[in-house]
Amino acid sequence: MTTTVAPKSTRRVSLTELPGLEANRRLALPRSSERTLSNGLTVIAIRRPAVPLVEVRLRIPFAKTHLARGDVLSQTLFSGTPTRDTVQIAAELQAVGGGLGASTDPDRLLVAGNALAAGLPRLLEVLGDVLQNATYPKTEVVTERERIADRIQVLRTQPGHLARAALLRRIYPGHPYAVQTPTVAAVHAVKPGELRKLHGERILPSGATLVLVGDINAERAIDDVETALSGWVGGGEPASYPATPAIKPGPIELVDRPGSVQSSMRLALPAVGRTHEDFPALQLANLIFGGYFSSRWTENIREDKGYTYGPHSSVEHSIAGSALVLAADVATDVTAPALLETWYELGRLATTPPKADELEQARQYVVGSLLLGMSTQAGLAGLASTYAGYGLRLDYLIGYSAGLAKASREQVADVAARYLAPAKAATVVLGDADRVESSVRLLGPVERGSSE
Amino acid sequence: MPGRVRIPATKYPVERLKLPNGLRVVLNPDRSAPVIGVAVVYDVGIRSEPEGRTGFAHLFEHLMFQGSQNLEKLAHFRYVQGSGGTFNGSTHLDYTDYFETLPANALERALFLEADRMRGPRLTEENLRNQCDVVKEEIRVNVLNRPYGGFPWLKLPPVMFDTYPNAHDGYGSFEDLESATVADAEDFFRKYYAAGNATLSVSGDFDVEKATRLIEAHFGDVPKRPAPKRPNFDEPDLAAERRDAYPDPHAPLPAYASAWRVPDPIADFEGYLPYVVLAEVLTDGDASRLVRRLIQQDRSATSVGGYIGFMGEPFEVRNPTALLLQAHLPPGGDVDKVMRVVDEECERLATDGLEDGELQRIQSRIATHLLRECDAVLGRALRMAVLELQRGDASVMNDLPKLIGEVTAEQVVAAASTLRPARRATIEVEVASR
């Protein structure tokens with residue numbers, strides 16, 4: 001880590017030269033309290049009294065769940081209990097400034113929300129009622145499944161969604177991660193009884209994690225959870241997926257979206273999980289390539305060539321595997337040149353070490369991002385909850401920071417060669433195929449893919 | 001109503017000063033996390049861009065990142081991110097903001113970067129052409145290549161308003177963007193980017209005395225230029241209903257949005273706040289009136305939304321502005337029917353008043369949203385910079401939850417009674433036949 005000396009108060013301020021940085025603060029982790037309740041629920045509470053609110057994240061393992069039923073369940077979880085209907089649930093939460101909502105991905109169901117800090121006991125009471133007694137009333141289920149079907153129809157007109165769906169199918173053949181959006185027909189077919197059954201089987205405290213962050217007394221907040229949620233019981237062997245398959249490069253997959261005025265490029269490369277020894281260097285290589293604005297990829301295809309508004313690459317983690325995913329929407333006419341520049345920048349980093357100042361800049365950025373990410377109640381709650389889903393705690397950041405601090409140019413170059421080489425990339429381009437195919441073919445073999 | 005809680009307030013300290021060149025400065029020290037937010041807000045936005053130059057305020061915002069007196073192109077990005085920070089800028093109807101969030105050890109660097117471009121960006125033909133291309137891709141990705149692009153913020157103003165400043169497309173036509181020149185940019189900078197036309201705010205972990213000294217050192221010699229006089233953009237309220245429709249080639253579901261003029265957010269803050277509450281009474285969450293009626297009961301809409309201002313920022317907009325209600329409908333849905341039901345619900349609210357506990361729970365939820373926005377250093381820095389710019393008092397930020405809490409049921413009912421069809425402008429998204 002580079003540190004520069006703090007400017008003395010008597011120093012003359014220069015108006016033409018960039019001021020140095022004062023000494024870096026050490027990464028200070030917030031104190032968190034943790035208790036596993038008798039029902040198997042792990043509760044993590046962190047006091048951060050900045051504003052008089054509390055953030056709530058309940059993460060329940062949800063692997064191997066029926067896609068359409070899981071989606072409808074998440075949208076009808078708060079639709080009624082024997083003592084509260086959907087309006088009463090929403091009104092009671094609002095009365096304490098609160099709100100709760102549920103969402104799913106292939107790994108977990110997440111209940112996320114917040115309230116005025118004084119309203120935490122009430123929020124937990126409502127949450128406890130829903131977790132133990134949700135009834136999935138027929139009327140509400142029918143309404144919500146129609147709304148989800150409508151939303152899927154809208155998604156299917158969005159290039160970002162279509163390109164991502166095509167990429168997932170391409171890189172996860174035969175794996176449950178390949179399809180993450182249910183069909184309209186499957187959503188329409190979901191029955192309330194199936195939701196009650198799914199709830200009984202999967203909405204269980206064992207293996208789940210509840211994170212509370214805010215203007216709270218941590219121990220007392222956990223006591224409140226114990227009071228409100230101790231009647232929520234059940235558990236079984238957690239379901240899990242096989243590891244994701246290795247990414248197969250293969251031909252460029254071209255998905256037709258007639259009339260599209262841009263091409264949505266999506267590329268996937270191999271990656272590793274947060275605890276793998278390569279991860280800190282991989283994260284740095286990702287940043288240098290395209291993981292932040294001051295990256296080679298952005299400086300090239302946006303700031304130099306004006307091909308795109310916002311290219312971005314990031315390491316995406318799922319429980320069964322990680323991938324480095326690149327995304328850029330480029331003008332139709334420059335599809336092939338933009339893809340060429342993308343491969344060029346991947347190849348340049350894979351074959352020649354980054355410059356020392358590029359590496360330092362990326363290192364400072366990722367360390368700063370951690371500080372910024374932990375500086376709000378919501379940021380801290382999200383981080384703690386996500387980590388908990390992978391069996392990690394915030395102290396993971398100590399080792400991660402150390403790994404970042406000591407990653408050398410050689411290590412980053414080595415990792416870039418093993419993970420960022422263009423020869424390893426799976427490439428999907430969604431756009432007006434008739435307009436872009438002939439020029440994209442100049443770069444390599446192309447095969448037409450289908451859009452869902 | 002059980003479970004009632006008192007609406008809390010924040011007590012963030014707010015220090016204000018003004019430099020001899022006219023720059024207004026707001027400082028909000030809070031040492032609870034080792035980060036800072038820095039924002040510079042200029043009192044110019046989409047409404048001020050010249051005729052024939054639609055989209056120019058936004059294009060110019062991009063040019064402010066392309067280098068300045070002592071900074072090469074790309075330097076700003078690299079210095080902010082290489083200090084561990086993030087940056088951005090955004091163009092609004094009435095203002096343009098530039099901001100950074102950084103670890104606290106980079107305060108002086110952020111001040112240097114902002115002061116340098118306040119003295120003048122490097123306006124070159126090459127940068128202009130490059131950013132014109134980037135902006136066109138931004139418009140393609142956000143408007144042209146997706147369903148509901150620009151709905152309703154770009155589509156409804158031309159129905160509601162008659163004058164160029166209020167009615168035109170703020171993203172701009174490709175033709176106007178392409179005809180923009182370096183000379184236009186120089187004029188725009190000279191006229192609007194004066195120190196006296198801006199506020200600087202800093203929030204987070206810093207010492208007030210030291211920050212003040214650094215601000216005076218870095219910004220003190222930014223030349224003084226007179227701030228332009230802000231035109232009055234007001235237009236008369238609608239005398240008769242207006243309505244238009246357009247086909248969206250990507251949209252699979254019908255949608256519509258209606259807008260009604262509201263009182264001047266600055267000159268008549270007290271008269272304006274009930275509309276902020278009303279929008280939430282109608283549309284916030286499963287217990288709100290329009291979600292209950294349109295989605296749960298009638299199933300005539302698949303989503304509804306309600307908010308103030310075309311960009312959805314009730315405390316960062318000037319007159320004239322509006323309350324918007326919008327809905328997406330299921331396939332084959334009937335927009336006229338939904339609009340009639342919305343009228344009915346507004347009428348019912350105006351006649352029968354609010355339910356027991358309804359006002360209090362909406363006020364509590366708004367308070368949570370306001371407090372949550374303040375938790376981030378940048379949220380505070382931006383809000384205070386704009387409040388100082390538009391209202392001359394950044395400390396209003398601390399009062400907002402309380403002011404929302406003081407809105408009465410009678411005021412909300414009276415506001416609802418003004419949402420009549422004759423005062424309404426509506427835009428409808430037609431599903432293109434495929």
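Residues numbered from 1 in each chain as written. Chains lettered and ligands numbered in written order. Predicted model: local features only at pLDDT ≥ 70, side-chain atom pairs only at ≥ 80, totals over all residues.

We now examine the overall build of chain A. Helix and strand counts for chain A come out as 16 helices and twelve strands. Expected size for 452 residues packed as a compact globule is a radius of gyration near 22 Å; at 24 Å, chain A falls within 12% of this value. Projected onto its principal axes, the C-alpha coordinates of chain A cover approximately 65 × 65 × 40 Å. Classification of the 452 residues of chain A by burial places 52% in the buried group. (Helix = DSSP H or I, 4+ residues; strand = E, 2+ residues; numbered from the N terminus. Rg over C-alpha atoms; globule rule 2.2 N^0.38 Å. Buried ≥ 20, exposed ≤ 12 C-beta atoms within 10 Å, placed from the backbone.)

What follows concerns the overall build of chain B. When helices and strands are counted, chain B shows 16 helices and eleven strands. Computed over C-alpha atoms, the radius of gyration of chain B comes to 22 Å, within 12% of the 22 Å expected from 2.2 N^0.38 for 434 residues, which places it in the range of a compact globule. For the C-alpha atoms alone, the extent of chain B along its principal axes is close to 60 × 50 × 35 Å. A buried classification covers 57% of the 434 residues belonging to chain B. Considering only contacts within chain B whose residues lie at least 6 apart along the sequence, 82% involve residues at least 24 apart. (Contact = placed C-beta atoms within 7 Å.)

Moving on: the packing of helix α13 (residues 358-375) of chain B against helix α14 (residues 377-391) of chain B. All names here are of chain B. Axis separation between α13 and α14 bottoms out at 5 Å; the angle between their running directions is 105 degrees. As the angle between them shows, α13 and α14 are arranged roughly perpendicular. Judged by residue contacts, Glu 373, Cys 374 and Asp 375 of α13 engage Gly 379, Arg 380 and Arg 383 from α14. Residues that form the contact of α13 with α14 fall into these classes: one nonpolar, one polar and four charged. (Axes fitted to C-alpha atoms, helices over the stretch in contact; angles between N-to-C directions. Parallel < 35°, antiparallel > 145°, perpendicular 65-115°, else oblique. Nonpolar A, V, L, I, M, F, W, Y, C, P; charged D, E, K, R; others polar.)

Time to look at the interface of chain A and chain B. Every contact between the two is made by 66 residues of chain A and, on the other side, 71 residues of chain B. Elements that contribute at least two residues to the side of chain A that touches chain B include exactly α2 (86-95), β5 (108-116), α4 (138-155), α10 (296-304), β10 (321-331), α12 (356-373) and α13 (377-389) of chain A. Among the elements that take part in the side of chain A that touches chain B, α12(A) stands out by supplying eight residues, more than any other.

Attention now moves to the nonpolar core. Membership of the largest hydrophobic core comes to 213 residues, with the highest contact counts inside it found for Val277(B), Leu278(B), Leu323(B) and Ala381(B). Every residue in contact with Val277(B), bar those within four places of it in the chain, is listed here: Ile362(B), Gln363(B), Ile366(B), Ile404(B), Val407(B) and Val412(B). Grouped together as the second largest cluster of nonpolar side chains are 66 residues, Phe279(A), Leu324(A), Leu349(A) and Leu430(A) included. (Core = buried A, V, L, I, M, F, W, Y, C linked by C-beta atoms within 7 Å.)

All names here are of chain A. Strand order in this open sheet of six strands is β9-β10-β8-β11-β7-β12, and the pairing throughout is mixed. In the strand order of this sheet, the two ends are held by β9 (312-318) and β12 (446-449), each with one partner. Neighbour to neighbour, the strand axes of the sheet diverge by 25 degrees on average, direction disregarded. As paired elements, strand β7 (residues 252-256) and strand β11 (residues 426-431) share four bridges and run parallel to each other. Within β11, the residue paired with Leu 254 across the bridge is Val 429. Contacts from helix α5 (residues 159-171) reach β7, β8 (262-270), β10, β11 and β12 within the one sheet, and its direction differs from that of β11 by about 150 degrees. (Pairing = 2+ DSSP bridges.)

A few words now on the pairing of β11(A). All names here are of chain A. Across the six residues that make up β11, a large majority, six, are buried. The two faces of β11 match: Ala 426, Val 428 and Leu 430 on one face and Thr 427, Val 429 and Gly 431 on the other face are all buried. Note: β8 against β11, five bridges, orientation antiparallel. Paired with Ser 264 across the two strands is Leu 430, which belongs to β11.

This brings us to helix α8 (residues 182-192) of chain B. Residues and elements named next belong to chain B. Listed as buried for α8 are Ala 185, Phe 188, Phe 189 and Tyr 192. Taken down its axis, α8 places every buried residue within 95 degrees of arc, on the same side. In this structure, α8 carries Ala 183, Asp 187 and Arg 190 as exposed residues pointing more than 90 degrees from its buried face. Those residues of α8 that are buried are in contact with β3 (35-42), α1 (56-63) and α4 (125-144). (Arc of directions from axis to C-beta.)

So, on to the packing of helix α9 (residues 279-291) of chain A against α10(A). Residues and elements named next belong to chain A. Closest axis-to-axis distance for the α9/α10 pair is 5 Å, and the angle between their directions is 5 degrees. With respect to α10, the element α9 is oriented roughly parallel. Each of Ile 288, Phe 289 and Gly 290 in α9 lies in contact with α10, whose residues at this interface are Arg 296, Trp 297 and Thr 298. Among the residues forming the contact of α9 with α10, the class breakdown is three nonpolar, two polar and one charged.

The next thing to look at is the confidence of the model for chain A. Counting all residues, the mean pLDDT for chain A is 95, and 97% of those residues have values of 70 or more. Counting interchain partners and residues more than four positions distant, the pLDDT-below-50 stretch residues 1-10 of chain A has twelve contacts. (pLDDT = per-residue confidence, 0-100.)

Another point: the sheet that holds strand β5 (residues 96-103) of chain B. Residues and elements named next belong to chain B. One open sheet accounts for six strands, arranged β1-β2-β6-β3-β5-β4; its pairing is mixed. Looking at the sheet topology across the chains shown, the edges are occupied by β1 (15-18) and β4 (86-91). Between one strand and the next, the sheet's axes are offset by a mean angle of 15 degrees, whatever the strand orientation. Where β1 lies against strand β2 (residues 24-29), four bridges are found, and the strand directions are antiparallel. Bridge pairing in β2 links Lys 18 to Arg 24. With respect to the sheet, α1 is in contact with β4 and β5, its orientation differing from that of β4 by roughly 160 degrees.

Here we take up the pairing of strand β4 (residues 99-104) of chain A. Two strands pair when backbone bridges link them, and β4(A) and β5(A) are joined in this way by six bridges, in the antiparallel orientation. Counted as the bridge partner of Leu100(A) is Gly113(A) from β5(A).

Attention shifts here to unusual backbone geometry. Cis geometry is adopted by the peptide bond preceding Pro152(B), which originates at Phe151(B) and carries an omega value of -10 degrees. Position of Pro152(B) relative to the elements: it lies in the loop between α4 and α5 (157-160). The amide bond that connects Asn319(B) to the next residue, Pro320(B), takes the cis arrangement and shows omega of -5 degrees. Structurally, Pro320(B) can be placed in the loop between β9 (303-308) and β10 (322-328). A positive phi angle, near 60 degrees, is found at Lys64(A), a position not held by glycine. Mapping Lys64(A) onto the fold places it in the loop between β3 (53-61) and α1 (67-76).

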